[in-house]
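Structural features, examined
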Protein chains: 2
Amino acid sequence: MKEGIDLWVSENFNDVYRMNYRVKETLYSKESDFQKIDVVNTEHLGKVLFNDGLLMTSERDEFVYHEMITHVPMSAHPNPKKVLIIGGGDGGTAREVLKYESVEKVVMVEIDPCVIEACKKHLNVTACELDNPKLELRIEDGLKYVKETEDFFDVVLIDSTDPIGPAAPLFNIEFYTDVHSIMTENGIVVSQCENPFLAGEMQKKLLSIKAELFDKVSIYNYSNITYPGGLWSFSFASKTQDPLLDAKNLPDAIAKDLKYYNRGVHKAAFALPQFQKNEVQEFIK
Amino acid sequence: MKEGIDLWVSENFNDVYRMNYRVKETLYSKESDFQKIDVVNTEHLGKVLFNDGLLMTSERDEFVYHEMITHVPMSAHPNPKKVLIIGGGDGGTAREVLKYESVEKVVMVEIDPCVIEACKKHLNVTACELDNPKLELRIEDGLKYVKETEDFFDVVLIDSTDPIGPAAPLFNIEFYTDVHSIMTENGIVVSQCENPFLAGEMQKKLLSIKAELFDKVSIYNYSNITYPGGLWSFSFASKTQDPLLDAKNLPDAIAKDLKYYNRGVHKAAFALPQFQKNEVQEFIK
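Here is what the cut-offs are and how they apply
- Residues numbered from 1 in each chain as written.
- Chains lettered and ligands numbered in written order.
- Predicted model: local features only at pLDDT ≥ 70, side-chain atom pairs only at ≥ 80, totals over all residues.
- Pairing = 2+ DSSP bridges.
- Helix = DSSP H or I, 4+ residues; strand = E, 2+ residues; numbered from the N terminus.
- Axes fitted to C-alpha atoms, helices over the stretch in contact; angles between N-to-C directions.
- Contact = placed C-beta atoms within 7 Å.
- Nonpolar A, V, L, I, M, F, W, Y, C, P; charged D, E, K, R; others polar.
- Buried ≥ 20, exposed ≤ 12 C-beta atoms within 10 Å, placed from the backbone.
- Domains from an automatic or database assignment.

1. Considerations on the sheet that holds strand S11 (residues 216–223) of chain B
The pairing of strands in a sheet happens through backbone hydrogen bonds and is either parallel or antiparallel. Residues and elements named next belong to chain B. The strand order across the open sheet built from seven strands is S8-S7-S6-S9-S10-S12-S11, with neighbouring strands paired in mixed fashion. Unpaired on one side and paired on the other, strand S8 (135–139) and S11 mark the two borders of the sheet. Averaged over all adjacent pairs, the angle separating strand axes in this sheet is 15°, with direction ignored. Of the strand pairs in this sheet, strand S6 (residues 82–87) and strand S7 (residues 105–110) are connected by five bridges, and their pairing is parallel. Counted as the bridge partner of leucine 84 is valine 107 from S7.

In structure tokens:
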């Protein structure tokens, strides 16, 4: 076998930390209207999606993020029928939501059609349900959608990138005020909420916004291989539902194929490390 | 200010993944009889200790590892008086153990005096209790010590590097048979146990060894910034003590200054992700 080039792709964190992955091949690269999108096949993580150079999801461990953003709120809602996903263009969250028989309709609002295109072409593990007839896929701005829609939702999942670039306005109170107004009585909203070690201030900001609007607010953690800094979080908010007291066991038909989430992990995810608890506990209720 | 060189230090994982840290200054570098030891001051993690190029501990988040290796077993033992630490040359584990008033004696057996030297010079956050009069610091092979000592211990902490290089024999049944023989009736042994995503086979091997020797065996997880792959584990074994049923709350005097460990984190750490549970549950008892 001939030697090829020694090809690596790099994710840069604040110009003080870089994660480099040995590349098998580059599969997709496009400058969309919103961001630079790349799909790269790596030795360590399999196929990987980058938005503006930030690693969004990988074949090897996408299940962690997608199971945890989905099954915590879905199990805490008594009967989720209508689900809204903001972002989530790789399709992994929709795939998990569509496992529930109770779900009648999923609206997914992704701002960037190139994310959909890249994942449909190259990340079938997440994109596999994007043609499901229960899914209404809208290519538009999530902010605009939540302001204008006349639909109401039982579960809203903010499956966004980091609070820079196109996702930045998704971390503001104006957006969550609109989200609150389109949620049903028992509605739950869960949002990607960064890393407690590296983004404590952002976590406090997002929880303080939710605490102004909702009666039930909390934050829960998970760990995967790909995101920098070990522990990552989702924030939870609801008008009525408590994610610990009101959560049910998942139906066996769903639970048996999951790789990360289970009932023990659900409860454990809300047990915050002391430093994080000290930071956010004033907003938890 | 003049521009200096653009200096980075790199940790290499299986030649498919590299974590690179921007360097402020290199502080220590020595080829010992056992390994290459470096202390580097980084922008991202503060001062960092490398053994053979693997990142062992960092100023920024050493508290996670050291609190979790220590307080889980210490709280599960009814009255820990004598504690043995194998490895642990940076001193962080000894620092945590010495917080307990019940502790009369800590024996720490570190094979490499250069680790001690490097940390005493440059990592005071972990090395701060290495001159504590309750600590007997022995520079020798941990394998030989556990084979020959006539002492008995309430808690044994295997604070080792990865199962390559000088620590490799610490992952074998011969070693744990000797450890078992120097443990008191309620004795507990906890061992550094790698990453469930990346080292599932090693976790199974270590748990199978413990399951042959002990009546109580389990594994628990934590997440820090520095170790590759998010989730890392410690394995727990005891002749009598169950880490969930028998664990007490820590004394307030200890708990109030901890940054990661608390009672909720203790319980949550044993809730394994489903893929890990599937791998190891045959050994848990």
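2. Focus on the interface of chain B and chain A
It is common to give the size of an interface as the accessible area lost on bringing the parts into contact. Contacts between the two partners involve 31 residues from chain B and, on the opposite side, 31 residues from chain A. Elements with a minimum of two residues in the side of chain B that touches chain A: strand S2 (17–31), helix H9 (263–268) and helix H10 (274–280) of chain B. Broken down by element, the side of chain B that touches chain A gets its largest block of residues, six residues, from S2(B). Within the side of chain B that touches chain A, the residues separate by chemical class into 15 nonpolar, nine polar and seven charged. Pairing geometry for strand S2 (residues 17–31) of chain A and S2(B), over five bridges, is antiparallel. When the bridges of S2(B) are listed, A:Tyr21 appears paired with B:Tyr17.

3. Overview of the pairing of strand S3 (residues 36–42) of chain A
All names here are of chain A. Burial within S3 is extensive, with five of its seven residues counted as buried. Pairing between S3 and strand S4 (residues 46–51): six bridges, direction antiparallel. Considered in S4, the bridge of aspartate 38 is made with phenylalanine 50. The hairpin formed by S3 and S4 contains three residues between the paired strands.

4. Re the domain arrangement of chain A
All names here are of chain A. For chain A, the assigned domains read domain 1 (8–55) and domain 2 (62–283). Summarising the inter-unit geometry, the C-alpha centres of domain 1 and domain 2 are found 23 Å apart. With 18 residues of domain 1 in contact, the opposing surface of domain 2 contributes 17 residues. Those elements that provide at least two residues to the side of domain 1 that touches domain 2 are S2, S3, S4 and strand S5 (54–58). Of all the elements, S2 adds the most residues to the side of domain 1 that touches domain 2, at five residues.

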